[in-house]
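Structure at a glance
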Amino acid sequence: MTGPLAGRTVLLTGASRGIGAATARALGAAGAHLVAHYGAHADGAREATADLPPERVRLVRADLRSPEAVGTLWDEAVGWRGRVDAVVCNAAVMPLTPLAGAEDAWHAGWREAFEVNVHQPASLIRSAVGHFLEHGGGTVVVLSSWAAQRGSSNPELGAYAASKAALAAFAKTVARAHARDGVLVHLVAPGIVDTQMSRDAAAAQGGEAAVNASLAAGAPVPPEEVADLVSRLATGRWRHLSGATLDVNGASYLR
């Protein structure tokens, strides 16, 4: 197999739907050996990796709501080929945490958002950095969000926005600490992407048509555009983009 990721092993979380499924396809097309993580949607992960030969894909189930999940996932990823060259932290949840909501739901939503969107990917990055330092370097790509910089326009997604900001701060800290060690960390911050998660969120803001009308391009970002960027970053060729946040939002949010 030829391609910019030929011979490299990439671990991708949340490979079964949306941006993750598109990224699984892009990484596979670029020649990667892919460890494709999924939570509950095995069929989606299988579909996303259907074009890869069996010897180039390893599907791993792990419930990221469980504190032990990342350790198991990492051990399986490293055990498959003995080396992981890049980690893509994509899996995330978007619980509703309205200010005026029920007390129990408020606390549950914040706990879920920070466990899945912050603690688990941060722990995965921690394992990856130790591995990279032993093997001459590696790459981490974090799927962030424009909500990490601007907050969410939906007041029911405060925990989601805060969790994305927290993970971004951690990722930048790692990038600064290991810039001389061959450990690259990139953040990709999409705006509204054409995924089921975004369509579900749009229902609380007047529907898809209303949300699209508010976008500069008049349409959401195709997940394939995000996936192509992630695949390119996973090659490890962009040393001086380490620590940077790449906005993908069709000119709707400029800074």
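These figures come from a predicted structure and were not determined experimentally. (Residues numbered from 1 in each chain as written. Predicted model: local features only at pLDDT ≥ 70, side-chain atom pairs only at ≥ 80, totals over all residues. Heavy atoms only, no water.)

**Regarding the overall build of the chain**
Quick reminder of the rule: Under the DSSP-based scheme used, a helix requires at least four consecutive residues in state H or I and a strand at least two consecutive residues in state E, with every element numbered from the N terminus. Partly exposed describes any residue whose relative accessible area lies between the buried limit of under 20% and the exposed limit of over 50%, with all areas from a 1.4 Å probe on protein chains only and scaled to the type maximum. Per-residue accessibility takes into account occlusion by the displayed protein chains alone, with areas from the Shrake-Rupley method and a 1.4 Å probe. Only four residue types enter the charge count: Lys and Arg as positive, Asp and Glu as negative, with His and the chain ends excluded. To locate a charge, take NZ of a lysine, CZ of an arginine, CG of an aspartate or CD of a glutamate.
Helix and strand counts for the chain stand at nine helices and seven strands. Counting over 255 residues, the chain shows a buried share of 49%. In the structure as shown, the chain presents an accessible area of about 11600 Å², 51% of it carried by carbon and sulfur atoms. Side-chain charges in the chain split into 22 positive and 23 negative, and the spacing between the mean points of these groups amounts to 8 Å.

**Considerations on the side chain of threonine 97**
Worth spelling out the cut-off: Note on contacts: a residue pair is in contact if any heavy atoms of the two residues lie within 4.5 Å.
By the element assignment, threonine 97 lies in the loop between strand E4 (86-89) and helix H4 (103-134). Overall, the relative accessible area of 1% leaves threonine 97 in the buried class. In this structure, threonine 97 is in contact with Trp106, Gly109, Trp110, Pro155, Glu156, Leu157, Gly158 and Ala159, ignoring residues within four places of it in sequence.

**Re unusual backbone geometry**
Generally, phi is negative for residues other than glycine and the peptide bonds are trans, each holding for most cases. Its identity as a non-glycine residue notwithstanding, alanine 251 has a phi of 70°, on the positive side. Positionally, alanine 251 belongs in the segment after strand E7 (245-248).

**Some details on the side chain of asparagine 249**
The line we're drawing: Any pair of N or O atoms that falls within 3.5 Å is considered a polar contact. Within protein, one atom must be able to donate a hydrogen and the other to accept it, and sequence-neighbouring residues count only if both atoms are side-chain atoms.
Within the secondary structure layout, asparagine 249 lies in the segment after E7. Its relative accessible area of 10% is what places asparagine 249 among the buried residues. There is a polar contact of 3.2 Å between the side chain of asparagine 249 and the backbone nitrogen of alanine 251. At 3.0 Å, the side chain of asparagine 249 forms a polar contact with the backbone nitrogen of serine 252. If we ignore the near neighbours within four places in the chain, the residues touching asparagine 249 are Trp146, Gly191 and Val221.

**Let's talk about the nonpolar core**
Applied cut-off: By convention a nonpolar core is built from buried Ala, Val, Leu, Ile, Met, Phe, Trp, Tyr and Cys residues, the set being connected through side-chain atoms within 4.5 Å.
In this structure, Leu11, Trp74, Val87 and Ile125 are the most contacted members of the largest nonpolar core, which totals 32 residues. Residues in contact with tryptophan 74, not counting those within four places in the same chain, are Leu11, Val84, Val87, Leu124, Ser127, Ala128 and His131. Within the second largest apolar cluster, 27 residues are counted, among which are Ile19, Ala30, Val226 and Leu233.

**Re H4**
Our working rule: Multiplying 1.5 Å by the helix residue count minus one yields the expected span of that helix. The seven residues ending at a residue and the seven starting there each receive a fitted axis; the angle between those axes is the bend at that residue.
Over its 32 residues, H4 extends 46 Å from the first C-alpha to the last, a length consistent with the 46 Å expected when each residue adds 1.5 Å. A maximum bend of about 40° is found in H4 at glutamate 115. Where H4 ends, the next residue or the one after it, glycine 136, has phi of about 85°, a positive value.

**A closer look at the packing of aromatic side chains**
What counts here: Pairing of aromatic rings covers Phe, Tyr and the six-membered ring of Trp, with a centre-to-centre limit of 6.5 Å; geometry is then stacked below 30 degrees between planes, edge-to-face above 60, and tilted otherwise. We count a charge as sitting over a ring when the NZ of a lysine or the CZ of an arginine lies within 6 Å of the ring centre and within 35 degrees of the ring normal.
If you walk through the whole model with that rule in mind, you get three aromatic pairs. A centroid spacing of 5.5 Å and a plane angle of 50° characterise the contact between tryptophan 106 and tryptophan 110, whose relative ring orientation is tilted. Remark: tryptophan 110 and tryptophan 106 occur in helix H4; sequence separation between them is four residues, near one turn of the helix. Judged by relative accessible area, tryptophan 106 falls into the partly exposed class, the value being 25%. Given a relative accessible area of 27%, tryptophan 110 falls into the partly exposed group. Feature note: the residues Trp106, Trp110 and Phe114 constitute an aromatic cluster, connected by ring pairs. The side chain of arginine 150 reaches across the aromatic face of tryptophan 146, ending 4.0 Å from its centre.

**Observations concerning the pattern of salt bridges**
Put simply, the test is: The working definition used for a salt bridge is a side-chain nitrogen of Lys or Arg within 4 Å of a carboxyl oxygen of Asp or Glu.
Enumeration over the complete set of coordinates arrives at eight salt bridges. Note that arginine 255 and aspartate 247 form a salt bridge whose closest N and O atoms lie 3.0 Å from each other.

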